[in-house]
Amino acid sequence: MPHTSHTPSGSKNLIGIVCLLAAVTFSRLISIYSFYLYDDAFITFRYAANLANGNGFVYNIGERVQGITTPIWGLLLAIPHRLGISIEVASRVLGLLFEVGVAWLILRHLGRERLHLAAVVTVSLFAIDLYLAKVAVSGMESSLLLLGTVGATMLALNGRMTSAAVIAGLCFFVRPEVLLFAVSLLAFVWYEHRKFPWRPFLLGAVIILVGVAAEWLYYGDVIPQSVRVKAAPTGSLGGILSLSLFPLRDPGQVLLTISMILGLPIAWKHSRFVRVYGLWVGLLFLAWLVTRAQIWTWYCIPLYFYKTVVTGVAIGKIVERGQFFS
């Protein structure tokens, strides 16, 4: 009896990819009409609008106060506003496009790892997850962060550490906790190649230092006011666990947490992406627990996303192999 491969080819493969990307697009379009913009997004919107209008990258005209945690997102949103496009609309459209980009990267990379069925399951879960869809159109920078970290991880896994370092350095100005992502990426590459990637490390460090220096020269400060407030140890252990792992408002996330825990040994064994991104998510989660910082839903997007990947890879391998461990 001839062996049947799960790997699609030719036109069937293309049709499958288009259908999955269309599912993500449709999911986010529905979310635009179902969910609201987050209050915190309007802080970035105001910085972007003032910059586009020639009033400086500030919240209040004439006051150079560092109050924006995501300057790259603000700079990006200033462009459509300058062109006469509503920042609110632009943030949602860009979020949708970034989400489709993440889905495409997952399909591409897991396909390279010969995890074709896993890629289909992962993107399907990514499309239907309530919290991922909600935050994607909230006006926040989370989708840009996801695209950047996923892209940098895949570049590093393909041996393109210089490009990965550039993206990781820039992502520091999307969310400051990306510093933990850079550490995890360097640690994995160092472990895998038994050689520290000095050139990419220095390139990423230069990008961060130049950006930080620019913030200091412009604002006289490099730590946003909101970071100072939110970094205070006001979060409870129960609150962190509830929001990140067992959000009662979304039973789907609870199920994904359980499936991630059960499926992690399988996914960890079969996917390098799961291992590398898992280091970053693990460091991020540990930082929350240690600092007891106040966290919000959009902080948890890397973890929510990771749950879909682990679950997708695990289910794909179980179905493909017909057993729990191969």
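Residues numbered from 1 in each chain as written. Predicted model: local features only at pLDDT ≥ 70, side-chain atom pairs only at ≥ 80, totals over all residues. Heavy atoms only, no water.

**Brief notes about the packing of helix α14 (residues 272–291) against helix α15 (residues 301–321)**
Following both chains from N to C, one finds α14 and α15 inclined at 145°, their axes separated by 10 Å at the closest point. Our pair here, α14 against α15, has a crossing hand that is left-handed. The residues of α15 that touch α14, namely those facing F273, V274, Y277, G278, W280, V281, L284, F285 and W288, are P302, L303, F305, Y306, V309, V310 and V313. (Axes fitted to C-alpha atoms, helices over the stretch in contact; angles between N-to-C directions. Helix = DSSP H or I, 4+ residues; strand = E, 2+ residues; numbered from the N terminus. Left-handed = near helix turned anticlockwise from the far one by under 90°. Contact = heavy atoms within 4.5 Å.)

**Regarding the pattern of salt bridges**
Where charged atoms of side chains with opposite charge meet at close range, the side chains can pair. Going through the model one piece at a time under the given rule, you end up with five salt bridges. Between E192 and R272 there is a salt bridge, with the nearest N and O atoms lying 2.6 Å from each other. Linking E192 in helix α9 (residues 178–193) with R272 in helix α14, this pair joins segments that are 80 residues apart in sequence. Salt bridges here are not isolated pairs; linked through shared partners, they connect E141, R175 and E177. (Salt bridge = Lys/Arg side-chain N within 4 Å of Asp/Glu carboxyl O.)

**Structural notes on a nonpolar patch on the surface**
Residues I79, L83, I85, V89, V93 and L97 make up a contiguous nonpolar surface patch of roughly 570 Å² in combined accessible area. Along the polypeptide, V93 turns up in helix α4 (residues 87–112). Among the residues examined, V93 registers a relative accessible area of 42% and is labelled partly exposed. (Patch = residues over 30% accessible without salt bridge, like charges linked within 9 Å, V, L, I, M, F, W, Y side chains within 5 Å. Areas by Shrake-Rupley, 256 points an atom, 1.4 Å probe, with all protein chains shown as cover. Buried < 20%, exposed > 50% of the residue type's maximum accessible area, 1.4 Å probe, protein only.)

**Let's talk about the packing of aromatic side chains**
Tallying each qualifying case throughout the model produces 23 aromatic pairs. Centre to centre, the rings of F42 and F45 are 5.1 Å apart; their planes meet at 75°, and the pair counts as edge-to-face. With a gap of three residues between them, F42 and F45 both fall in helix α2 (residues 41–52), about one helical turn apart. Under the relative-accessibility criterion, F45 is labelled buried at 4%. Ring geometry for Y47 and F57: centres 5.8 Å apart, planes at 80°, overall edge-to-face. Taken together, the residues span a long stretch of sequence, with Y47 in helix α2 and F57 in the loop between α2 and α3 (71–82) at a distance of 10 residues. The aromatic ring of Y59 is capped on one face by R46, whose charged end is 4.1 Å from the ring centroid. When the ring centre of Y191 is taken as reference, the NZ or CZ atom of R194 above it lies at 4.7 Å. (Phe/Tyr/Trp six-rings, centres within 6.5 Å; stacked < 30°, edge-to-face > 60°. Lys NZ or Arg CZ within 6 Å of the ring centre and 35° of its normal.)

**Here's the deal with unusual backbone geometry**
Look at R114: it is not a glycine, yet its phi comes out positive at around 60°. Along the chain, R114 falls in the loop between α4 and α5 (116–128). For R114, a relative accessible area of 67% corresponds to the exposed category. The phi dihedral of R194 is positive, around 55°, even though this residue is not glycine.

**Regarding the environment of A293**
Tracing the sequence through the fold places A293 in the loop between α14 and α15. For A293 and L76, which are 217 residues apart along the polypeptide, the C-alpha to C-alpha distance reads 28 Å.

**A closer look at the nonpolar core**
Counting 83 residues, the largest nonpolar core has F273, Y277 and F305 as its most contacted members. Setting aside its immediate chain neighbours within four residues, Y277 contacts L146, T149, V150, T153, P302, F305 and Y306. (Core = buried A, V, L, I, M, F, W, Y, C linked by side-chain atoms within 4.5 Å.)

**Let's talk about the environment of P265**
Mapped onto the elements, P265 comes out in helix α13 (residues 251–270). The class of P265 is partly exposed, set by a relative accessible area of 42%. Each C-alpha atom of the pair P265 and L203 lies 34 Å from the other, and the pair is 62 residues apart in sequence.

**Concerning the side chain of T297**
Structurally, the position occupied by T297 is in the loop between α14 and α15. Among residues more than four places away in sequence, those in contact with T297 are Y38, Y131, V135, L243 and Y304.

**Notes on the packing of helix α8 (residues 161–171) against α9**
A pair of packed helices can be characterised by two numbers: the angle between their axes and the separation between those axes. Their axes nearest at 9 Å, the elements α8 and α9 cross at an angle of 160°. Taken as axis vectors, α8 and α9 run roughly antiparallel relative to one another. Note that α8 runs across α9; the crossing there is left-handed. Residues M161, A164, A168 and C171 of α8 pack against V178, F181, L185, L186 and V189 of α9. (Parallel < 35°, antiparallel > 145°, perpendicular 65-115°, else oblique.)

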